[in-house]
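Listed here are the chains, written in short residue letters.
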Amino acid sequence: MIRVVLFDLDGVIRHFDPDHLAGIERRHGLADGTIASVAFANPLIEEVTTGRITRAEWVRRVGESAGNAPAAEEWGGQPSVVDDALLDLSDEIRGMGLTTAVLTNGTDTIPAELTAQGIAGRFDAIFNSAEIGFVKPDVRAFEHVLDALGVTGPEVFFTDDTASKLVGAHRLSMRTHAFDGVDGLRDQLRAAGVGVR
């Protein structure tokens, strides 16, 4: 029986506009994809998401590698949009007596970001790789969640918009879903025995 519904953050609860980044690169004379190719490449992305460097240092290094510090600074402050329908779903699940939680491959600023966006109070627990020290799909990140919540893998339903991040959850026998929208998630939750609308 499912006792916990675990959500990824970016691409599930909140979303970034890819056109915004493309606009930054155009304004600063960078080739399309320059910032992402630097920011999300190892070892840099692993260093920031395991808490070995701060988000500020990450942005600084992205600017240094891309050869354009102003572009990186602008990218570092890009806005995101919260999916209110997803937050409503979390509220609904909590109202049924289940636990909802977030597991994100994040940075040291995640707590402040989620508070500012009104997300933190809509979930029972927030798990951030920068604090855990392990990133999805590493099974140790998921084991941390299970230990903290006092549940077993089969009692957890996990959704992430990146299918490769589901691997560690599968190894612990969690029910998983490659997120493709709130309606599809509701269907999969119902199939798993969670009686959402």
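First things first, this report covers the structure right here in the doc. (Residues numbered from 1 in each chain as written. Predicted model: local features only at pLDDT ≥ 70, side-chain atom pairs only at ≥ 80, totals over all residues. Heavy atoms only, no water.)

**Digging into the pairing of strand E4 (residues 99-104)**
Part 1 of the reasoning: Among the 6 residues of E4, 5 are classified as buried, and the element is accordingly described as predominantly covered.
Part 2 of the reasoning: As judged from the 4 bridges shared by strand E1 (residues 4-7) and E4, these two strands associate in the parallel manner. What sits directly across from Leu 6, in E4, is Ala 101. (Buried < 20%, exposed > 50% of the residue type's maximum accessible area, 1.4 Å probe, protein only. Helix = DSSP H or I, 4+ residues; strand = E, 2+ residues; numbered from the N terminus. Pairing = 2+ DSSP bridges.)

**A few points about the nonpolar core**
Part 1 of the reasoning: Judged by nonpolar contacts, the single largest core of 24 residues is most densely connected at Phe 7, Ile 13, Leu 86 and Leu 189.
Part 2 of the reasoning: Among the elements of the structure, E1, helix H6 (84-95), helix H7 (110-116) and helix H11 (182-191) are those that each provide at least two residues to this core.
Part 3 of the reasoning: Here Leu 189 is in contact with Val 5, Leu 89, Ile 93, Phe 157, Val 194 and Val 196, once residues within four sequence places are set aside.
Part 4 of the reasoning: Residues Ala 101, Val 151, Leu 166 and Ala 169 belong to the second largest nonpolar core, which totals 18 residues. (Core = buried A, V, L, I, M, F, W, Y, C linked by side-chain atoms within 4.5 Å. Contact = heavy atoms within 4.5 Å.)

**Comments concerning the packing of helix H4 (residues 55-66) against helix H5 (residues 69-76)**
Part 1 of the reasoning: Remark: H4 packs on H5, axes separated minimally by 7 Å, with the N-to-C direction vectors making an angle of 140°. Overall, the two elements H4 and H5 adopt an arrangement that is oblique. Once H4 is placed against H5, the crossing between them reads as right-handed. Between H4, through Arg 55, Trp 58, Val 59, Val 62 and Gly 63, and H5, the contact on the second element is made entirely by Ala 69, Ala 72, Glu 73, Trp 75 and Gly 76.
Part 2 of the reasoning: In terms of residue class, the contact of H4 with H5 is made up of 6 nonpolar, 2 polar and 2 charged. (Axes fitted to C-alpha atoms, helices over the stretch in contact; angles between N-to-C directions. Parallel < 35°, antiparallel > 145°, perpendicular 65-115°, else oblique. Left-handed = near helix turned anticlockwise from the far one by under 90°. Nonpolar A, V, L, I, M, F, W, Y, C, P; charged D, E, K, R; others polar.)

**Considerations on the pattern of salt bridges**
Part 1 of the reasoning: Under the defined criterion, the tally for this structure stands at 18 salt bridges.
Part 2 of the reasoning: A salt bridge links Lys 136 to Asp 8; its shortest N-O distance comes to 2.8 Å. Pair noted here: Lys 136 is in the loop between helix H8 (129-132) and helix H9 (139-149) and Asp 8 is in the loop between E1 and strand E2 (14-16), with a separation of 128 residues, a long-range link.
Part 3 of the reasoning: Owing to a relative accessible area of 5%, Asp 8 belongs among the buried residues under this scheme.
Part 4 of the reasoning: The closest approach of N and O atoms between Arg 140 and Asp 138, which form a salt bridge, is 2.7 Å.
Part 5 of the reasoning: In this structure Arg 140 comes out as partly exposed when scored by relative accessible area, which is 43%.
Part 6 of the reasoning: Taking relative accessible area as the criterion, Asp 138 reaches 22% and is therefore assigned partly exposed.
Part 7 of the reasoning: The structure contains a network of salt bridges with shared partners spanning Glu 47, Glu 57, Arg 60, Arg 61 and Glu 64. (Salt bridge = Lys/Arg side-chain N within 4 Å of Asp/Glu carboxyl O.)

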